[in-house]
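# Architecture at a glance
Chain by chain, the residues:
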Number of protein chains: 4
Amino acid sequence: MRYTRPLHFLVVALALGVWPESLPCQSKARDLGIPFDGTPGALNAITDVKGVEVGFTTLISGSGKLVVGQGPVRTGVTAILPRGKGSNDPVFAGWFSLNGNGEMTGTTWVEESGFLEGPVMITNTHSVGVVRDAVIDWRVKHGAADETGYWWSLPVVAETWDGFLNDINGFHIKPAHISQALDAARSGPVAEGNVGGGTGMICYEYKGGTGTASRKLEEKTGAFTVGVLVQCNCGRRSQLTIAGVPVGREIPEKPAYGDEGSIIIVVATDAPLLPHQLKRLARRASIGLARTGSTSGNGSGDIFIAFSTANPGAAKSSGMTKLEMVPNDQMNPLFDATVEATEEAIVNALVAAQTMTGADNHTAIALPHGRLREVMKKYGRLAR
Amino acid sequence: MRYTRPLHFLVVALALGVWPESLPCQSKARDLGIPFDGTPGALNAITDVKGVEVGFTTLISGSGKLVVGQGPVRTGVTAILPRGKGSNDPVFAGWFSLNGNGEMTGTTWVEESGFLEGPVMITNTHSVGVVRDAVIDWRVKHGAADETGYWWSLPVVAETWDGFLNDINGFHIKPAHISQALDAARSGPVAEGNVGGGTGMICYEYKGGTGTASRKLEEKTGAFTVGVLVQCNCGRRSQLTIAGVPVGREIPEKPAYGDEGSIIIVVATDAPLLPHQLKRLARRASIGLARTGSTSGNGSGDIFIAFSTANPGAAKSSGMTKLEMVPNDQMNPLFDATVEATEEAIVNALVAAQTMTGADNHTAIALPHGRLREVMKKYGRLAR
Amino acid sequence: MRYTRPLHFLVVALALGVWPESLPCQSKARDLGIPFDGTPGALNAITDVKGVEVGFTTLISGSGKLVVGQGPVRTGVTAILPRGKGSNDPVFAGWFSLNGNGEMTGTTWVEESGFLEGPVMITNTHSVGVVRDAVIDWRVKHGAADETGYWWSLPVVAETWDGFLNDINGFHIKPAHISQALDAARSGPVAEGNVGGGTGMICYEYKGGTGTASRKLEEKTGAFTVGVLVQCNCGRRSQLTIAGVPVGREIPEKPAYGDEGSIIIVVATDAPLLPHQLKRLARRASIGLARTGSTSGNGSGDIFIAFSTANPGAAKSSGMTKLEMVPNDQMNPLFDATVEATEEAIVNALVAAQTMTGADNHTAIALPHGRLREVMKKYGRLAR
Amino acid sequence: MRYTRPLHFLVVALALGVWPESLPCQSKARDLGIPFDGTPGALNAITDVKGVEVGFTTLISGSGKLVVGQGPVRTGVTAILPRGKGSNDPVFAGWFSLNGNGEMTGTTWVEESGFLEGPVMITNTHSVGVVRDAVIDWRVKHGAADETGYWWSLPVVAETWDGFLNDINGFHIKPAHISQALDAARSGPVAEGNVGGGTGMICYEYKGGTGTASRKLEEKTGAFTVGVLVQCNCGRRSQLTIAGVPVGREIPEKPAYGDEGSIIIVVATDAPLLPHQLKRLARRASIGLARTGSTSGNGSGDIFIAFSTANPGAAKSSGMTKLEMVPNDQMNPLFDATVEATEEAIVNALVAAQTMTGADNHTAIALPHGRLREVMKKYGRLAR
């Protein structure tokens, strides 16, 4: 596959975080009749959690033989701002590593302080550093000052490995790409598949990448929203399970190379949860992942972070902070929502991603929608 | 406490760890046509890991209205001895808490030392203490002395709550019951369902309890064995999933009370794994549990421990210890085996357990085998 | 040493948690001129934190040769009730294990929920179980019911090993002793040295046991109180350091047996701290311990728990909980207070403990007060 | 950026890891008569552990008013290669965060795998990213390939904050500086004070920076070596304690700004320890730090890592790995050595560092050697 002008257009469009109208409408998995539990929010996206903004920089250029430093380039950066670009107000957060063959910087301070002070950034494995320092730089230049002068100096940056399709040792992510993703962050619909940090990713040996979903709780359980965004790069084909159906075994054709991937899962909620409760949410992402068939392989960096946009001002430096907390006894609906939204976000990543050819003409095929529907039907699991 | 004769017989029989021949033959889930991945060991039980011995004390007496201290009694103790009764040699171990609403004593030392020094015991929530001290006493009286005099003084004892069927506040487990379970421990087939610590347990609102399964790796991946034993007391009916099929929704009748259960999962292997690697195995039990539908509710004590019977003598006090280790890069088959055996052990507990009526005539029904087969067939998942 | 009537009187008196007036007045380390940083509360005890109640059962009987089951007995139970006997309201808590060669039950739920739901109990290593179950029983019988019926069912019970002086394998702690300690709990002055769980303990090879101290913060830093209670059974003689002075090397005479002890440290505060902040406090107990010279030996169970009596009602089951929190940026004075009170509590345990002879006529000598003052003077560290 | 000649010379000299002969001979604290426990190795440096190599890049330029991007520059990079530049063989490692207000990348994989696969790098807070990516780049370009292609892709990079003296927002560390530090790494004496990542650091409000020390165990306890290197940037003046003496209170003059620093502690040993045992060593660094007076303030990133150069080849990808392990019961001398070497390394950093004036003419004074000796003498702690 040769990318020329239209792709350049695509890069710009994706950087804006919106799917170009001139492209075929982006499918969500549930549009194909995949059954999922629970009720999604309006956008079925992490941005259903009020205040959350998402921005992407997507880099796609070159084709054919890999020449380190020259490409082909299939990579990018994803920025998730818990309270949007306009805020320096930290959020409570917790994290969990199901299998730590990966990186999420900044977690030592998340664990200690209970706060996520800036954005969550996701990129490729070899570009975590440039993203990290550039986040500090962006904040110094664009962000309002905080009281202490320390917020944002320990950025949270996570990664998955795109070296199958991308010239990862070419270090193509530059500081400007980080500013671009941060500046592009907005609420509203979120592009999925081959965008941002997810651009060159492979999921269950299909083309994977960025996926998102959300759940809206009933009034009686607090009417809270849980949103999830994944950068999915994990799993063996034979493991892929969708709504309980062994999809990967039914559609075994053309697997990309195996298990050495990873998945980063970001869980957002407006429920007022304390840091230790958010860690509980982060741990539930494991269960959502498990539902899609992964056994969290040795090579997989399965690292999850959850934050709450409630309790604004909680990170103030002086005086006494007033907080609200959901009782532990009321957390089950939030656990369910996290599991369900994680499962659906992963399947959404698979459904949205399109076949990509990259470095050395390696190809990762898209999960074929028609075949998927047939398989679901065969197992009595196709929704009306 | 009054035992009618048949029950007394049953108690003795179960204490021997074998199912009485005069009772209907005990079914394993795969005998019903439930499909599972992987290849089980000869017994499809934790005792497929050479050296592991399992013993039970099962206490069933009384019926009708609950009178604290008088019954009805539906409880017991399970003893798992990694190297059998005859050995004082500790094993490497690691543990993980998916949702810590429960107790597993001794884990602070497991975490620090890397060793599990004695048995893993499982009982009801209110009897953890008596079991713990009695384990020390048993070892002082029966065990050979260790070099340091400290082994076994920090016993590992876990629990799930049986207060729906059992007079839990009557504290019916006595020190003699612990000796009985330890003395009864043996290799060979393992009784399942309403036995030992699992006697009064409820799983996905069916009668649950003790379950076990195993996996045997292929020669090329080391020919190791992974065995799992669960005490399953968790889950809401609507969550129950078997081989991807929403069984709980298809058979919603007569649920016992809801979610406030727990599951203890014990993973044994003969693969030479170090403590930090065994923690990785323990974490994979989460994925096996997830496959059966649980989202690990707030009230659930989902606590897992994994140990390796390899590296005998590793805990010696002086000199230099020689060890073997499976490379991290070779652990995926062990991860898969742990997930698969955990999933099957839970389903085995459900399939083996028989309807029980206990305190205040509360009843937990057995998962109906015929209905289960019908549902599996409906979703194209009944094995030939 | 022969104990007769006066000792029986002592047992009763100590069980009441007060030092009998007819005995010589109990010295605190600072009364001897040991310099400590910071300002203690009125009692220089954990009970300076309003609401905290402490009770002891002290068992001292027999002498001469050890006969398992017959004695000599030198042991006991300590009960610390965060909000006193009259309350079932849990407190926020966090814990830390510096060296986990010991037991503190209930910590898995503390970690998960953020709450300590009942008392902290401390006893000898082999009696953790009986104490644990008896706490549940006491609560069932005496405590008011909670909303969920689950509080107090995962008790926090810690231990240190007193087998040098006590017939530890005789299991002399009985359920009644636990009720006794709980019922005896009260605010006010706290007995130190050879009382409660600390009765048979050895600290830096002197007689050790129970010690307590507190710090009161200045108005400008919140006027909070931090109280600490230790059960000190750790350390080698040569390590003992007091106010920076190598006391253990200066007074090397008559060491009891070496390093295989432990220390349990309980930190209480009225500062409104969240669970993850209390974990930070628990971790600072390490620094207080370090100041007394320990390097936390392999055989030492150095396990710490911190709780906050602020935020009453935080553990309610429904609705939204309103909380207060001290900003992280304001925690340094609380860290200092924890370190200082821990250090002083350990030295107080040493200063209060009296020479004891126990099993097989083993003797642990008291730290000689006069010699201590001389050594402090030699190094220019004697106050006034 | 303009370097005056003498400074340029200094930069080169320090990059070589040796103190220029034309400069006054570098003092170690023990040369001043400070008493320390234990026996140091030949160099009293981390390089006493055979195979360990250390390299620095030191950037010192400009003076006067801070202009972001222009300087003054007072910063650098430290590289510690566990097996030296010539090896790609990972080492077993464990880490611990006493107070996580800082960054150490790569620790999630250290925790999961038990291995540290490349160097430990230390720099300033805002340059962690550039160092991280450059380490990958250096390895791709210079390192021999590993079997899996993944080693070194999750680098360990730690930091402390030098913004008081350095134009930290100028991001003066460039990829070439990382290569320079790695290429300069060597065994032998290690420069201390204002070098490498420690260049602009402040310790107990004196000039701090890089410090190192070691301990050699006796033959009967294995003759192992423990080496420590610290980048010390923490502590309030009033806290500073040396050999138990309140030095900070005795020499209160000219404190640099307060507590918001950090300390990174790297512990190396040739003792064959497993990952969980190395975590125990890392935790002991807390005690060494505590001995110098810190209470690990909220703003302090006190993060420690320990590795063992024993068990070469342990990280191989296939077959069965043969290992050796020191029994837990033999670890106390290693604990003591870690504590002692950490304490001495911190004091060495203080003694070696020289007064520095940097950004906006901020000055951090060196700990005055003469005064220090006087104070030690006053408290009877000056070694002959």
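Summary of the structure given here. (Residues numbered from 1 in each chain as written. Chains lettered and ligands numbered in written order. Predicted model: local features only at pLDDT ≥ 70, side-chain atom pairs only at ≥ 80, totals over all residues. Heavy atoms only, no water.)

### Let's talk about the relation of the copies chain D and chain A
Superposing chain D onto chain A takes a rotation of 180° plus a shift of 0.0 Å along the axis, which leaves an RMSD of 0.0 Å. Between the two chains, the operation in question is that of a two-fold axis. Identified as the residue of chain D closest to the rotation axis by C-alpha distance is D:G129, at 1.6 Å. (Least-squares fit on C-alpha atoms with pLDDT ≥ 70 in both.)

### Concerning the interface of chain D and chain A
Each partner contributes residues to the interface: chain D has 36 residues there, and chain A has 36 residues. Between chain D and chain A, a total of about 2800 Å² is buried, with carbon and sulfur atoms accounting for 56% of that surface. Taken together, chain D and chain A are joined by zero salt bridges. Linking chain D with chain A are 12 residue pairs in polar contact (both at pLDDT 80 or more), by the criterion used here. Secondary-structure elements contributing two or more residues to the side of chain D that touches chain A are β3 (91–100), α2 (107–113) and α3 (128–142) of chain D. Of the residues forming the side of chain D that touches chain A, the biggest block, eight residues, is contributed by α3(D). (Contact = heavy atoms within 4.5 Å. Buried area = accessible area lost by both parts, 1.4 Å probe. Salt bridge = Lys/Arg side-chain N within 4 Å of Asp/Glu carboxyl O. Polar contact = N/O pair within 3.5 Å; in protein donor to acceptor, adjacent residues only side chain to side chain. Helix = DSSP H or I, 4+ residues; strand = E, 2+ residues; numbered from the N terminus.)

### With respect to the environment of C:S214
Note that C:S214 resides in strand β9 (residues 209–216). A polar contact of 2.6 Å, which involves the side chain of C:S214, links it to the side chain of C:D48.

### Some points on the packing of helix α3 (residues 128–142) of chain A against helix α4 (residues 175–184) of chain A
Residues and elements named next belong to chain A. The contact between α3 and α4 brings their axes to 9 Å, and the two run at 60°. Judged by the angle between their axes, α3 and α4 are oblique. Our pair here, α3 against α4, has a crossing hand that is right-handed. Residue-level contacts link V130, V131, A134, V135, W138 and H142 of α3 to P175, I178, S179, L182 and D183 of α4. A per-class count over the contact of α3 with α4 returns eight nonpolar, two polar and one charged. (Axes fitted to C-alpha atoms, helices over the stretch in contact; angles between N-to-C directions. Parallel < 35°, antiparallel > 145°, perpendicular 65-115°, else oblique. Left-handed = near helix turned anticlockwise from the far one by under 90°. Nonpolar A, V, L, I, M, F, W, Y, C, P; charged D, E, K, R; others polar.)

### Some thoughts on the packing of helix α6 (residues 275–291) of chain D against helix α7 (residues 332–352) of chain D
Residues and elements named next belong to chain D. At their nearest, the axes of α6 and α7 sit 7 Å apart, and the two run at 45° to each other. One element, α6, and the other, α7, form an angle in the oblique class. In terms of crossing hand, the pair formed by α6 and α7 is right-handed. Of the residues in α7, those touching α6 at R280, L281, R284, A285, I287, G288, L289 and R291 are L334, F335, T338, V339, E340, T342, E343 and I346. Residue composition of the contact of α6 with α7, grouped by class: eight nonpolar, three polar and five charged.

### Some words on the pattern of salt bridges
Inspection of the entire model under this criterion finds 72 salt bridges over all chains. One salt bridge connects D:R30 with D:E344, and the closest N-O pair in it is separated by 2.7 Å. Here the residue D:R30 occupies a position in the loop between α1 (5–15) and β1 (53–61), and D:E344 occupies one in helix α7, the gap between them amounting to 314 residues. A relative accessible area of 0% places D:E344 in the buried class. Notably, a salt bridge pairs D:R215 with D:E344, separated by 2.7 Å at the nearest N-O pair. A residue pair is termed long-range when its members are at least 10 positions apart, and D:R215 in strand β9 (residues 209–216) and D:E344 in helix α7 qualify at 129 residues. In this structure, D:R215 and D:E344 share a single accessibility class: buried. Ionic contacts of the salt-bridge type, sharing partners, join the residues A:R30, A:R215, A:E340 and A:E344 into one network. (Buried < 20%, exposed > 50% of the residue type's maximum accessible area, 1.4 Å probe, protein only.)

### Points about the state of the cysteines
Residue and element names in this part refer to chain A. Going through the model one piece at a time under the given rule, you end up with four disulfides over all chains. Disulfide pairing is shown between C203 and C232; the S-S distance is 2.3 Å. Where C203 bonds to C232 through sulfur, the torsion about that S-S bond is close to 60°, and the disulfide is right-handed. Pair noted here: C203 is in strand β7 (residues 202–203) and C232 is in strand β10 (residues 225–232), with a separation of 29 residues, a long-range link. We classify C203 as buried; its relative accessible area is 0%. Of all cysteine sulfurs in the structure, the one in C232 sits closest to C234, which takes part in no disulfide; the separation is 4.1 Å. Using a relative accessible area of 1% as the deciding quantity, one classes C234 as buried. (Disulfide = S-S within 2.5 Å.)

### Focus on unusual backbone geometry
The peptide bond linking B:G71 to B:P72 adopts the cis configuration, its omega dihedral lying at 0°. Here B:P72 lies in the loop between β1 (53–61) and β2 (73–81). Positioned with a positive phi, A:D360 is a non-glycine residue whose angle comes to about 55°. Within the secondary structure, A:D360 is located in the loop between β14 (356–357) and β15 (363–364). A positive phi angle is found at D:N44, which is not glycine, with a value near 50°.

### Things to note about the relation of the copies chain C and chain B
Placing chain C over chain B gives an RMSD of 0.0 Å and needs a rotation angle of 180°, together with 0.0 Å of translation along the axis. In this assembly the copies share their binding face: 100% of the residues contributing to the interface of chain C also contribute to that of chain B.

### Observations concerning the side chain of D:E53
Tracing the chain through its elements places D:E53 in strand β1. The contact partners of D:E53, leaving out residues within four places of it in the chain, are D:A79, D:I80, D:L81, D:G84, D:K85, D:A185, D:R186 and D:S187.

### Quick look at the interface of chain C and chain B
Chain C puts 36 residues into the contact, and the matching count from chain B is 36 residues. Summed over both sides, the interface between chain C and chain B buries roughly 2800 Å², with carbon and sulfur atoms accounting for 55% of that surface. The interface formed by chain C and chain B contains zero salt bridges. Linking chain C to chain B there are 12 residue pairs in polar contact (both at pLDDT 80 or more). For the side of chain C that touches chain B, the per-class residue count stands at 14 nonpolar, 15 polar and seven charged.

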